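# Structural description and commentary
What follows is each chain in one-letter form.
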Amino acid sequence: MAEAVPPGGTVGILGGGQLGRMLAIAAAQLGLRAHVYAPEDAPPAADVARFTRGDWEDEASLAAFARAVDVVTYEFENVPASVVDAVEPFAPVRPGRRALAAAQDRVDEKTFLNGIGVETAPFAPVNDAEGLAAALARIGAPAILKTRRLGYDGKGQARIMGPEDAPAALAAMAGAPAVLEGFVPFAREISVIAARGADGAVAAFDPGENVHEGGILRCTSVPAASAPAVQQAAGEIAGRILAALDYVGVIGVEFFETAEGRLLVNEIAPRVHNTGHWTIEATATDQFRQHIKAICLWPLGDPSRHADAVMENLIGDEAGAWRRLSAEPGAALHLYGKAEARPGRKMGHVTRLSRA
Ligand code: AMP
């Protein structure tokens, strides 16, 4: 078994957004250093870590970065396989390739999940108008057409209420390979953030209940309103996914829950997750420190929750209310250091605690 990265070691992080920033802060809390690699000039994570600006195609820069760190992780799931090829000779990459492959393509993801007995929305790959007609005939409407790869925050998606919507939906894919998903009439959306250590130990946080607006996460509340048995089942499904991927690190698993308490996995994210930000204030080991512990091969921390919490994203100009939020009783304000408040951009979040 590989050696742990002890305090004083360096964690390499691919990607420089707010998740990378919060991972770097967590590494510092545990006596570790962080080194961020990203193509942007001044990404949010560069404020709090050593920073290498480099392109994803620059194999020499990636190799130099990997030589300077003890372990490499990532804060976004679309890390190209060629990047893993460039860094892996010099430092272990955790979570590994299987997790990335399973999460990067919506067809592969659902095929993997169904293969381990985890339910998803009905789906069919779509490459052209004929394929879409056939998929619609099989799955029926309403349905959602999504690009197979590189979708996030509801981007690259089109609703189909009937065959008349098919041409516009296909045009919205801009020629990219797509997948048609049956629309799930869910009662709520929940997610489980869970960690697995290299020794196979699993620690799951309580499920959060998520509300999206325009495809973007608005807020996450814990506890979720789901029945205890459903919450337990969600944790067990996350554990099954982690074991099947021989996973090391934190994963985010998003579910649709039907009115009857059936759970269908919408997607998995092989990284820390926006719906897990509440753990910073409401647990002894938040998702960021848990991820750092797992990838550094430390024993996992206690994921139990000591408060109820509601995490609300601050999107676009909402972060302009920082003075009021700064003074609000019981509110924990987080700002990501992004200069420009573009519409739809996640600028920060606020977590409000109440007694468990
Ligand atoms: P995604 O980018 O796939 O996570 O989708 C963003 C949001 O769109 C989800 O959180 C749901 O609110 C909604 N959505 C996506 N796919 C489906 C589906 N098959 N059925 C119902 N709602 C969906």
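Data block above holds the structure.
Let's shift gears to the nonpolar core. Formed by 41 residues in total, the largest nonpolar core has its most connected members in L14, I241, L245, I251, F255, V265 and I268. No other element matches helix α8 (residues 228-244), which puts six residues into this core. Built from parts of two domains, this core gets at least three residues from each of domain 1 (10-93) and domain 3 (188-355). Other than its neighbours up to four places away in sequence, I241 contacts F112, L113, I116, I251, V253, V265 and I268. V11, L23, L217 and F288 belong to the second largest nonpolar core, which has 33 residues in total.

Look at helix α4 (residues 97-104) against helix α5 (residues 106-115): their axes get within 5 Å of each other, and the N-to-C directions meet at 110 degrees. The orientation of α4 with respect to α5, classified from their angle, is roughly perpendicular. On α5, the residues touching A101, A102, A103 and Q104 of α4 are R106, D108, E109 and F112. Across the contact of α4 with α5, the residue classes tally to four nonpolar, one polar and three charged.

Summed over the entire model, instances satisfying the criterion amount to 23 salt bridges. We note a salt bridge from R305 to D206, for which the minimum N-O separation is 2.8 Å. Of this pair, R305 sits in the loop between α10 (287-295) and β15 (307-315) while D206 is found in the loop between β10 (202-204) and β11 (208-213), placing the two residues 99 residues apart along the sequence. A salt bridge links R289 to D286; its shortest N-O distance comes to 2.9 Å. Residue class for R289 comes out partly exposed when judged on its relative accessible area of 22%. One connected set of salt bridges, linked through shared partners, spans E213, R218, E312, E318, E328 and R352.

The next point concerns the sheet that holds strand β7 (residues 157-160). The strand order across the open sheet built from four strands is β5-β8-β6-β7, with neighbouring strands paired in antiparallel fashion. A strand with exactly one partner marks an edge of an open sheet, and here the two such strands are β5 (123-126) and β7. Going across the sheet, the axis of each strand differs from the next one's by a mean of 25 degrees, ignoring polarity. Here β5 runs beside strand β8 (residues 178-182); their pairing, made up of four bridges, is antiparallel. The partner of A124 across the bridge, within β8, is L180. This element, α5, spans β5, β6 (143-147), β7 and β8 of the sheet and lies at about 150 degrees to β5. Sitting on the sheet, helix α6 (residues 129-139) is in contact with β5, β6, β7 and β8, with an inclination near 170 degrees to β5.

In the neighbourhood of the ligand, 15 residues make up the surrounding shell, with K146, Q157, V184, E189 and N266 lying closest. The side chain of E181 places a nitrogen or oxygen atom 3.1 Å from a nitrogen atom of the ligand. In the model, a nitrogen atom of the ligand is placed 2.8 Å from a nitrogen or oxygen of the V184 main chain. Elements that contribute at least two residues to the shell around the ligand include exactly β6, β8 and β14 (263-269). Of the residues belonging to the shell around the ligand, the class tally is five nonpolar, five polar and five charged. Structurally, the shell around the ligand is a two-domain feature, drawing no fewer than three residues from each of domain 2 (122-182) and domain 3 (188-355).

Across the sheet, which stays open at both edges, the four strands sit in the order β3-β2-β1-β4 with parallel pairing between neighbours. Across the chains shown, the open sheet's two edge strands, defined by having one partner strand only, are β3 (50-53) and β4 (71-74). Across this sheet, the average inter-strand angle for adjacent strands is 25 degrees, counted without regard to direction. In the packing of helix α2 (residues 59-67) onto the sheet, contacts are made with β1 (10-14), β2 (33-38) and β4, and the angle to β2 comes to roughly 175 degrees.

Bringing the side chain of Q18 into the picture now. By the element assignment, Q18 lies in helix α1 (residues 18-29). The residues touching Q18, leaving out its near neighbours within four places in the chain, are P44, E75, Y336, K338 and K346.

A few words now on the pairing of β7. Because side chains alternate across β7, one face comprises the buried residues A158 and I160, and the other comprises Q157 and R159, none of which is buried. Two strands pair when backbone bridges link them, and β6 and β7 are joined in this way by four bridges, in the antiparallel orientation. Bridging across to β7, K146 finds its partner in Q157.

With that settled, consider the pairing of strand β17 (residues 346-355). Sheet analysis places β15 next to β17, joined by nine bridges and oriented antiparallel. Bridged to E312 within β17 is V350. Sheet analysis places strand β16 (residues 331-335) next to β17, joined by five bridges and oriented antiparallel. Each residue of the ladder has a partner; that of A332, found in β17, is T351.

The terminal C-alpha atoms of α1 lie 17 Å apart, and with 12 residues this matches the ideal 16 Å at 1.5 Å per residue to within 8%. In terms of residue burial, α1 counts as a mostly covered element, since nine of its 12 residues are buried. Every buried residue of α1 is listed here: Q18, L19, G20, R21, M22, L23, A24, A26 and A27. If you follow the buried residues of α1, they end up packed against β1, β2, α9 (279-282), α10, β16 and β17. G31 lies just past α1 and shows a positive phi near 80 degrees.

Thresholds applied
Residues numbered from 1 in each chain as written. Predicted model: local features only at pLDDT ≥ 70, side-chain atom pairs only at ≥ 80, totals over all residues. Heavy atoms only, no water. Core = buried A, V, L, I, M, F, W, Y, C linked by side-chain atoms within 4.5 Å. Buried < 20%, exposed > 50% of the residue type's maximum accessible area, 1.4 Å probe, protein only. Helix = DSSP H or I, 4+ residues; strand = E, 2+ residues; numbered from the N terminus. Domains from an automatic or database assignment. Contact = heavy atoms within 4.5 Å. Axes fitted to C-alpha atoms, helices over the stretch in contact; angles between N-to-C directions. Parallel < 35°, antiparallel > 145°, perpendicular 65-115°, else oblique. Nonpolar A, V, L, I, M, F, W, Y, C, P; charged D, E, K, R; others polar. Salt bridge = Lys/Arg side-chain N within 4 Å of Asp/Glu carboxyl O. Pairing = 2+ DSSP bridges. Near = heavy atom within 4 Å. Polar contact = N/O pair within 3.5 Å; in protein donor to acceptor, adjacent residues only side chain to side chain. Expected span 1.5 Å × (residues − 1).

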